[in-house]
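So you can see what is in the structure, the chains are spelled out below.
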Amino acid sequence: MRSWTNYHGHCNYCDGRGEMEAYIKKAIEYGMKNIGISSHAPVPFNVDWTMSPGKLNAYVNEIDALKAKYADEIPVYKSLEVDYIPNAISVNSAHIRNAQLDYSVGSIHFVDFFKDGTPWAIDGPVDEFKSGLDEIFAGDMKAATLRFFQLQKEMLDQAPPTILGHFDKMKMHNRTFGFFNEEEDWYLKEVKETLDLAQEKNVIVEINTKAIGSLGVLYPGPEIFSFLKDKNVPITINSDAHDDYKLVLGFAETAQLLNDAGITQCFELLNGDWQAFSFNKDGIFFD
Ligand SMILES: [Zn+2]
Ligand SMILES: [Zn+2]
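Presented here is a report on the structure given in the accompanying data block. (Residues numbered from 1 in each chain as written. Chains lettered and ligands numbered in written order. Predicted model: local features only at pLDDT ≥ 70, side-chain atom pairs only at ≥ 80, totals over all residues.)

1. Quick notes on helix α7 (residues 185-200)
Between its first and last C-alpha, α7 extends 22 Å over 16 residues, near the 22 Å set by a 1.5 Å rise per residue. Within the sequence span of α7, burial applies to Y187, E190, T194, L195 and A198. Angular distribution of buried residues about the axis of α7 spans 125 degrees; they occupy a single face of the element. The exposed residues of α7 that point more than 90 degrees off its buried face are D185, W186, K189 and E200. Against the buried residues of α7 lie α5 (141-158), β7 (163-164), β8 (204-208) and α8 (222-231). Remark: N202 follows α7 within two positions and exhibits a positive phi of approximately 60 degrees. (Helix = DSSP H or I, 4+ residues; strand = E, 2+ residues; numbered from the N terminus. Expected span 1.5 Å × (residues − 1). Buried ≥ 20, exposed ≤ 12 C-beta atoms within 10 Å, placed from the backbone. Arc of directions from axis to C-beta. Contact = placed C-beta atoms within 7 Å.)

2. Describing the nonpolar core
Counting 73 residues, the largest nonpolar core has Y23, V205 and I235 as the members making the most contacts within it. Take this core: its biggest share by element is five residues, from α5. Contact partners of I235, with chain neighbours within four places excluded, come to I204, V205, I207, L228, I263, C266 and F267. (Core = buried A, V, L, I, M, F, W, Y, C linked by C-beta atoms within 7 Å.)

3. Details of the pairing of β8
With five of five residues buried, β8 lies mostly within the body of the structure. Burial along β8 is two-sided: the residues I204, E206 and N208 and V205 and I207 are all buried. Where β8 and strand β9 (residues 235-238) come together, four bridges link them in parallel fashion. Among the inter-strand pairings, I207 is bridged to a residue of β9, identified as I237. The parallel pair β8 and β9 is bridged by α8, and the resulting crossover is right-handed. (Pairing = 2+ DSSP bridges. Right-handed = clockwise from strand over helix to strand, strands pointing away.)

4. A short note on the sheet that holds strand β1 (residues 2-3)
Pairing between sheet strands relies on hydrogen bonds along the backbone, with the strands arranged either parallel or antiparallel. Strand order in this open sheet of four strands is β1-β12-β11-β10, and the pairing throughout is antiparallel. Edge positions in the open sheet fall to β1 and β10 (265-270), since each of these has one partner strand only. For β1 and strand β12 (residues 283-285), the ladder comprises two bridges, and the chain directions are antiparallel. Bridged to R2 within β12 is F285.

5. Looking at the packing of helix α1 (residues 20-29) against helix α2 (residues 56-69)
One can describe the packing of α1 onto α2 by two numbers: an axis separation of 10 Å at closest approach and a directional angle of 30 degrees. Taken together, the axis directions place α1 and α2 in an arrangement best described as roughly parallel. Both α1 and α2 take part in a crossing whose hand is right-handed. Side by side, α1 and α2 meet where M20, E21 and I24 of the first sit next to E62, I63 and L66 of the second. The class makeup of the residues in the contact of α1 with α2 is four nonpolar, no polar and two charged. (Axes fitted to C-alpha atoms, helices over the stretch in contact; angles between N-to-C directions. Parallel < 35°, antiparallel > 145°, perpendicular 65-115°, else oblique. Left-handed = near helix turned anticlockwise from the far one by under 90°. Nonpolar A, V, L, I, M, F, W, Y, C, P; charged D, E, K, R; others polar.)

6. Digging into the sheet that holds β7
Taking strand neighbours across the sheet as the criterion, the six strands line up as β2-β3-β4-β7-β8-β9 in an open arrangement whose pairing is parallel. Only two strands of the sheet have a single neighbouring strand rather than two, namely β2 (35-40) and β9. In this sheet, β8 lies alongside β7 in parallel orientation, the contact comprising two bridges. In the sheet register, L164 faces β8, and the bridge partner there is V205.

7. Observations concerning the environment of C11
Following the sequence through the fold, C11 ends up in the loop between β1 and α1. When the C-alpha positions of C11 and H40 are compared, they lie 9.2 Å apart, and in sequence the two are 29 residues distant. Beyond its immediate stretch of four places on either side in the chain, C11 contacts G16, G18, E19, M20, Y23, I37 and S39.

Functional significance is not addressed by these values, which are geometric in nature.
Here's what the structure looks like:
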């Protein structure tokens, strides 16, 4: 029996669209093996796409209630996509630990701050990206990218999550503007060091399909798959769904690309343990 899973998805507690329960019902409709809910964790700033701090208790309670409600139909896992901002938030923050997650997704969205103290989100609208790049890094994309990877390595070292979310997200606007060539040595060195550290820390690296339909981009994409294969990095395929119907968006295509690169196993949470299973374009082989 082949089916999919998804450990990275949002809902209307943050910038996802639709109720949490709608995602669970859709996962059942799709015949998925399990579903993890991972809204953006609250951050100590005013940001309109993360969960507001006052909603965290209700979020936790709702997932716990839905876990029980759907126990006979599908395992529902409680998670958060947690940012790493030095001295501000990480998976080790008290409010994250108190949520008693089944697993965590750790992602870098913020790279330092504007002069007025606003954090710079690197995957927001183009205008915000350009103004942060100009104001904080004097327009130097290499410096900004090195800082992104530095923060990410710091997260892996000091507050490792279960899953590393979209670890090369910094290429999002690079693909639009062509600031640098992703085959340059300095860039590939950062990629390799990140993957080495993730492996050393037993962190699963996500293959994020969110933008495969809109931008034709995977985070990371086929250009990196040979590293994943050579280093035998543990992976899992996630869609980072912000709509319930996108829970397995691009999975077949992505699985085929991974198989083509010689990657045939992914890590899945089953009965409380992360275990390796074989997969192909039709799904993961659970038996
Ligand atoms: Zn993210
Ligand atoms: Zn996300």
